[in-house]
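# Chain and residue survey
Spelled out, the chains give:
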Amino acid sequence: MFNPQARWDRRLPGHRDSPYPEEAVTVVARVAQGKVIPLSFIRDASSYEISRINYEWRERNGRDLLYYFSVASGDDAYCLYLSKETMSWRLRQLE
Amino acid sequence: MSKVILHVDMDAFFASIEQAVNPRLKNKPVIVGSRASRHSTVVAAASYEAKAFGVESGMSARSALRACPHAILVPADSAKYVYTSEEIHDLLKGYSPRVEMASIDEFYLDVTGFDAAALGREIREKIFRRFHITASVGIAPNRILAKMASKACKPDGLLLLAENEIPRFLETMPVERVPGIGPSIGAYLRSIGIRTCGQLKAIERNALVRRYGKIGLWLYDIARGRDVDVIGLVADPREQPKSVGHSYTLPRTVYRENVLNAWIRLLSEMVAARLRRYALEGKIVHLYVRQDDFANLLSRQKNFSVHTAEGEEIYGRCVTLLRRAQVVRLRARALGVSVSGIQKAQRNVLFEEDRKRRTITDTVDRVNGRFGEWTIYPAVLSLTRVRSFSEGDKSADHGPDQAALDRVTRQRTRAGNAFAERADRKTDCAADRDTE
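Residues numbered from 1 in each chain as written. Chains lettered and ligands numbered in written order. Predicted model: local features only at pLDDT ≥ 70, side-chain atom pairs only at ≥ 80, totals over all residues.

### Some words on the overall build of chain B
The following threshold applies: A run of H or I in DSSP counts as a helix once it spans at least four residues, and a run of E counts as a strand once it spans at least two, with each numbered from the N terminus. Our exposure labels follow a C-beta count within 10 Å of each residue's own C-beta, placed from the backbone: buried means 20 or more other C-beta atoms, exposed means 12 or fewer, and partly exposed covers the counts in between. In this description, any two residues whose backbone-derived C-beta atoms lie within 7 Å of each other are considered to be in contact.
Along chain B, the regular secondary structure elements total 15 helices and 12 strands. Taken over 436 residues, chain B has a buried fraction of 36%. For chain B, the proportion of contacts with a sequence separation of at least 24, taken over those separated by at least 6, is 64%.

Structural data, given as structure tokens:
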């Protein structure tokens, strides 16, 4: 039986995970029925409304569970992720 | 009642996910590279817009960008592909108790007794609604025909092959499109003038058996649309795997022994970590090294006397296999390490040295389990990050920490050699079957 975890855990020791720069951000989110829905985020003292969530996925990193959201704000696309362990959000802008 | 098999094949899976994640990539030629660098990556997937320019999976990024210069290269992000694949697998389990995940983007369902076409339509709709990506569905009386049907209706299609339609479907089907017919059999069949399954059907059974033995029998059946493979029940997660392995295509050709050994150690550690996660250990170690022309393959395996789930031990056994192969000027481009001969892990240890090693391993596993994989790792693995290690670059600057890396390598190489000698002595004494 094929095991996708076995085939695709390609994270390597000391190699940088993402080629894109990341930053910590403050996110306004709604938590309902066990689901997190980001509504807006604050970056450089400006608030960005999230108009659409394009994609969601999750990743386990040790005991931590990371919730990823690909979101649209205006004409720009961003990737936001929440660490369940630290309850902190980080953001990277998609090219 | 004849079987009804439904094959779900995701369309340009990785590229479609990247287009769903970033709508700016929609309707554009997208190439998902196995890594971020444009110079040392292969195409893991290409969107249909890129495929229109001749870009295919497995091509080097350079060739792909030459074929389609305006393509957008996106580095692969395995987490989102694995997550999506597992979610689709979970969704499909709701449709049949017999679901098989054939690869990260392919699934077989046994839907005998159901309205397969309606199920196929519903599955495609659900996948699109939830993930905004498309799937093609093939339905046929067996696996191979179902897979051929899904390929024939790509992208975003559904093809149901009824029993009476199979001869017509196969008549003009090129033999290379049959899953399982590789380049060598394909080339042979072409050389004797066989290009389609219809032409293959005209060949006598004995002629195929004489040329290919069991595979000849299989070819004879396939030409008639027959396949005996069955879909297993949803796998029991407690089921013990027969082997555990990892393989990796290196960022560039590796000439230096210490760097090659660091990559072997890395794969050994990955294999060992998975064995320990499943509470297993194995004793047969298999190493393969593919050289830079991708044709020359070094493949060795050996049945050792003692079971293990330790990365260092597996690495030592790989070094033994490599030394015994006595290859000069190895130009490694891809590597694989796997362990078989698997049994449940035995917790009893005889010697103090082994007990200490196990304590250290357990502690490292706990730290990595708590803070994420590779939080702690053997220092020698840092060599996998050395960039300039092609033959022409041997004298090149390897960065400020190269001296430290070289020191680590010297120590590790000495330790590795000593370990390999110990392993040699152990195996020479043991009367185990040598499968080399």
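### Here we look at the overall build of chain A
Secondary structure summary: chain A contains one helix and seven strands in total. Each helix (α) and strand (β) of chain A, taken in turn from the N terminus, gives the series α-β-β-β-β-β-β-β. Sequence-distant contacts in chain A: of pairs separated by 6 or more residues, those separated by 24 or more amount to 25%.

### As for the packing of helix α12 (residues 257–277) of chain B against helix α13 (residues 311–325) of chain B
Residue and element names in this part refer to chain B. What counts is decided by this rule: For helices, the axis comes from a line fit to the C-alpha atoms of the stretch in contact; other axes are also lines fit to C-alpha atoms, and the angle between any two N-to-C directions lies between 0 and 180 degrees. These descriptions rest on fixed angle ranges, namely under 35 degrees for roughly parallel, over 145 for roughly antiparallel, 65 to 115 for roughly perpendicular, and the rest for oblique. By convention the crossing between two helices is left-handed if the near helix lies anticlockwise of the far one by an angle smaller than a right angle, and right-handed if it lies clockwise.
Close contact between α12 and α13 brings their axes to 8 Å; oriented N to C, the two are set at 135 degrees. Considering their axes alone, α12 and α13 lie oblique with respect to each other. Taken as a pair, α12 and α13 cross one another with a handedness that is right-handed. The segment α12 lies against α13, with N261, I264, R265, S268, E269, V271 and A272 engaging G311, I314, Y315, C318 and V319.

### With respect to the packing of helix α10 (residues 205–212) of chain B against helix α11 (residues 214–223) of chain B
Residue and element names in this part refer to chain B. Stated precisely, the cut-off is as follows: Ten residues, namely Ala, Val, Leu, Ile, Met, Phe, Trp, Tyr, Cys and Pro, are considered nonpolar, four, namely Asp, Glu, Lys and Arg, are considered charged, and the remaining ones, Gly among them, are considered polar.
The interhelical angle for the contact between α10 and α11, taken along N-to-C directions, is 145 degrees, at an axis separation of 6 Å. The handedness of the crossing between α10 and α11 is right-handed. Residues R205, L208, V209, R211 and Y212 of α10 lie in contact with α11, whose contacting residues are I215, G216, L217, L219 and Y220. Classifying every residue of the contact of α10 with α11 by side-chain character gives seven nonpolar, one polar and two charged.

### Some words on the sheet that holds strand β12 (residues 332–344) of chain B
All names here are of chain B. Worth spelling out the cut-off: One requirement defines pairing of two strands: DSSP has to find at least two bridges between them.
Spatial strand order, β9-β12-β10-β11: four strands in an open sheet with antiparallel pairing. If you trace the sheet from one side to the other, it starts and ends with β9 (243–254) and β11 (297–308), each paired once. Averaged over neighbouring strand pairs, the angle between their axes works out to 15 degrees when direction is ignored. Of the strand pairs in this sheet, β9 and β12 are connected by eight bridges, and their pairing is antiparallel. If you follow V254 over to β12, its bridge partner there is A332. Together, β9, β10 (280–291) and β12 form the strand contacts of α12, whose direction differs from that of β9 by roughly 155 degrees.

### Brief notes about the nonpolar core
For soluble globular proteins, the rule of thumb is that nonpolar side chains tend to be buried together. Put simply, the rule reads: The term nonpolar core refers to a group of buried residues, namely Ala, Val, Leu, Ile, Met, Phe, Trp, Tyr and Cys, whose C-beta atoms join them within 7 Å.
Counting 72 residues, the largest nonpolar core has B:L6, B:F14, B:V30, B:I31, B:V32, B:A45 and B:I139 as the members making the most contacts within it. If you look at the next biggest cluster of nonpolar residues, it comprises 32 residues, including B:A273, B:C318, B:L335 and B:V380.

### A short note on the sheet that holds strand β4 (residues 52–61) of chain A
The strand order across the open sheet formed by seven strands is β3-β2-β1-β7-β6-β5-β4 (chain A), and the pairing between neighbours is antiparallel. Edge positions in the open sheet fall to β3 (46–49) and β4 of chain A, since each of these has one partner strand only. Taken pair by pair, the neighbouring strands of this sheet meet at an average axis angle of 35 degrees, ignoring direction. The strands touched by helix α4 (residues 78–93) of chain B within the sheet are β4 and β5 (64–73) of chain A, with β4(A) carrying the most contacts at an inclination of about 95 degrees.

### Digging into helix α1 (residues 13–21) of chain B
Of all nine residues in α1(B), eight are buried, a share of seventy percent or more. Residues of α1(B) that are buried include every one of B:F13, B:F14, B:A15, B:S16, B:I17, B:E18, B:Q19 and B:V21, and no others.

### Observations regarding the environment of B:R143
Residue and element names in this part refer to chain B. Here R143 shows up in helix α6 (residues 143–152). Given 22 C-beta atoms within 10 Å, R143 falls into the buried group. In this structure the C-alpha to C-alpha distance between R143 and G213, which are 70 residues apart in sequence, comes to 22 Å.

### Quick word on the confidence of the model for chain B
Residue and element names in this part refer to chain B. Spelled out, the test is: pLDDT is a per-residue confidence score from the predictor, ranging from 0 to 100.
Confidence along chain B averages 83 in pLDDT terms, with 83% of residues attaining 70 or more. pLDDT under 50 marks residues 388–401. Its contacts with residues more than four places away, or in other chains, come to 12 contacts. Low confidence marks residues 423–436, where pLDDT is under 50. Its contacts with residues over four positions away, or in another chain, come to 21 contacts. With pTM at 0.76, the complex prediction returns an ipTM value of 0.85.

### Considerations on unusual backbone geometry
Residues and elements named next belong to chain B. Residue P155 is reached from K154 by a cis peptide bond, and omega for that bond is -10 degrees. Here the phi dihedral of A12 falls at roughly 40 degrees; this positive angle occurs in a residue that is not glycine. Judged by the 24 C-beta atoms lying within 10 Å of it, A12 is buried. Positive phi values are uncommon outside glycine, yet W374 reaches one of about 70 degrees.

### Regarding the pairing of strand β2 (residues 35–43) of chain A
Residues and elements named next belong to chain A. Here strand β1 (residues 23–32) pairs with β2 via seven bridges, running antiparallel. Pairing of V27 across the sheet is with F41, part of β2. In sequence, β1 turns back onto β2 through a hairpin of two residues, with Q33 there showing a positive phi of about 50 degrees. Of the pairings in the sheet, the one linking β2 to β3 comprises four bridges and is antiparallel in character. Residue S40 lies in a different strand from β3, and its bridge partner there is E49. Between β2 and β3, which follow one another and run antiparallel, lie two residues, and D44 among them has a positive phi close to 50 degrees.

### Focus: α12(B)
Along an α-helix, residues three or four positions apart point the same way, because every turn accommodates 3.6 residues. Heads up, the condition is: In this scheme, a helix's expected span is set at 1.5 Å multiplied by one less than its residue total.
Taking 1.5 Å of rise per residue, 21 residues should cover 30 Å, and α12(B) covers 30 Å from first to last C-alpha, within 8% of that figure. B:A279 occupies a position one or two residues after α12(B) and carries a positive phi of about 55 degrees.

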